[in-house]
Structures are given as structure tokens and as C-alpha cells.
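Now for the letters of each chain:
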Amino acid sequence: MRTQGLLAAGAVVAALGTTLGAAPAAAAQDTGQRASAVRPAERAVRPCTEREVRVQASPSGEHANVIEMSVTNTARKACTVTGPSITFEGLDGAAMHVPEGQETTHTLHPQDTAYAAMQTIAERDMDQARVVGAISVATSPAYYGTRFEGTVLVYDPLTTRWLSSSAEAESTLLMYAP
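Rules used in this analysis
- Residues numbered from 1 in each chain as written.
- Predicted model: local features only at pLDDT ≥ 70, side-chain atom pairs only at ≥ 80, totals over all residues.
- Heavy atoms only, no water.
- Disulfide = S-S within 2.5 Å.
- Helix = DSSP H or I, 4+ residues; strand = E, 2+ residues; numbered from the N terminus.
- Buried < 20%, exposed > 50% of the residue type's maximum accessible area, 1.4 Å probe, protein only.
- Salt bridge = Lys/Arg side-chain N within 4 Å of Asp/Glu carboxyl O.
- Pairing = 2+ DSSP bridges.
- Contact = heavy atoms within 4.5 Å.
- Axes fitted to C-alpha atoms, helices over the stretch in contact; angles between N-to-C directions.

With that settled, the discussion passes to the state of the cysteines. As enumerated under the stated definition, the model contains one disulfide in all. The partner cysteine of C48 in its disulfide is C79, sulfur to sulfur 2.0 Å. Looking along the S-S bond of the C48-C79 disulfide, the torsion reads about 85 degrees, which is the right-handed sense. Placement of the pair is C48 in the loop between β2 (12–15) and β3 (53–59) and C79 in strand β5 (residues 79–82), with a sequence separation of 31 residues. Judged on exposure class, the residue C48 and its partner C79 are both buried.

Below, the structure written as C-alpha cells:
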């Protein structure tokens with residue numbers, strides 16, 4: 001797991017240009033056919049590894065309690081990401097995905113980027129608010145991710161899945177945010 005610094009922007013974290021620490025790729029899907037009989041388009045795309053992605057995070061320019069994240073495939077082949085999985089130092093649990101439901105997989109072709117947004121809170125005087133000194137962002141719940149150090153206020157955090165644009169991620173988050 002790599003550690004990166006965070007800059008506090010009000011009550012929101014600004015994480016800049018980091019590389020995600022991901023677990024090794026999962027085994028290829030068994031189709032029951034010999035590899036030579038399977039056309040390339042029919043082969044399963046494997047999960048991205050830590051060396052194949054770059055994750056970035058920064059505060060939203062429009063919303064003080066939203067952190068925007070992106071993951072870019074830096075490899076020469078397509079790979080997949082799930083999540084994101086965001087955990088908070090010293091707290092149990094992770095940010096809840098919206099909309100709720102089944103985990104989705106997002107395929108990233110070479111140099112493609114996927115986006116997600118996370119809601120934190122912006123006010124320290126909220127009784128239930130917890131202050132953490134670091135968050136970890138991973139492309140899958142199975143991975144440790146990258147640790148970002150800095151002050152983040154947390155109370156019932158929400159995050160989107162990886163989506164095709166930052167505008168889609170932020171608008172999806174705001175549809176479900178209280």
C-alpha cells in the first residue's frame with residue numbers, strides 16, 4: 001500500500017496525482033473451451049493491477065463536501081475496475097455506494113479514465129461528525145488502495161461507482177445525497 005499526502009481544502013481532502021496500490025489480477029475466466037478456440041473479443045477482460053492504473057482525487061470546485069476521483073488505465077491492454085472502495089483511518093466500514101445494488105465492473109481500455117464522486121461533510125460542528133487523518137481509495141474492495149493523509153470530516157459518506165465522466169459521477173452523487 002502506498003501513502004500519499006492530502007491537502008485540506010476547508011473540510012474536504014485534495015489528493016493529487018497518485019498511483020493506486022492494487023492487488024494482483026484475478027485468474028482468467030474458465031469458459032470450458034480451449035484458448036485457441038476462443039476469439040479475442042470473447043475472452044474475459046482481467047482486473048487492473050496496481051502498475052496499470054493511476055488514481056487521482058480532488059475537491060469538487062462546486063461543492064465543498066464532494067471529492068472527485070478518477071482512475072486511468074496506463075497499460076497497453078484493457079482491464080477492469082470495480083468500486084471504488086473508500087475506507088477511513090480508524091473507522092469501521094467504507095463509503096456506501098449509490099445507487100445501492102449489485103457491484104458493477106467498469107472496463108478501461110488503454111488510456112481510458114473512469115470517474116467517481118464521494119460525499120463527505122463540510123461542517124465540524126455536526127455532533128456525529130468524525131475526523132480522520134487519512135482515507136484509502138482502491139479500484140476494488142479486494143485491494144488495499146492508496147492511502148491519502150489529511151483531515152477529512154466523515155458522517156455517512158456516499159460514493160458513486162466508477163462512471164464514464166466526472167459530470168455523470170457528480171450528478172449521480174447529488175441525486176442520492178441528503
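Now for the pattern of salt bridges. Overall, the coordinates contain three salt bridges when judged by the stated rule. With its nearest N and O atoms 3.3 Å apart, the salt bridge here joins E149 to R147. Judged by its relative accessible area of 23%, R147 is partly exposed. Residues participating in the shared-partner salt-bridge network are E89, R147 and E149.

Here we come to the sheet that holds strand β7 (residues 96–97). In spatial order, the strands read β3-β4-β9-β12-β7; together these five strands make up an open sheet with mixed pairing. Looking along the sheet, the strands with just one partner apiece sit at the ends: β3 and β7. The pairing of strand β9 (residues 113–119) with strand β12 (residues 158–159) spans two bridges and is classified as antiparallel. When the sheet's bridge partners are listed, M118 is paired in β12 with T159. Of the strands in this sheet, β4 (66–73), β9 and β12 touch helix α1 (residues 166–176), which is tilted by about 25 degrees from β9.

In short, shape yes, function no, at least from these values alone.
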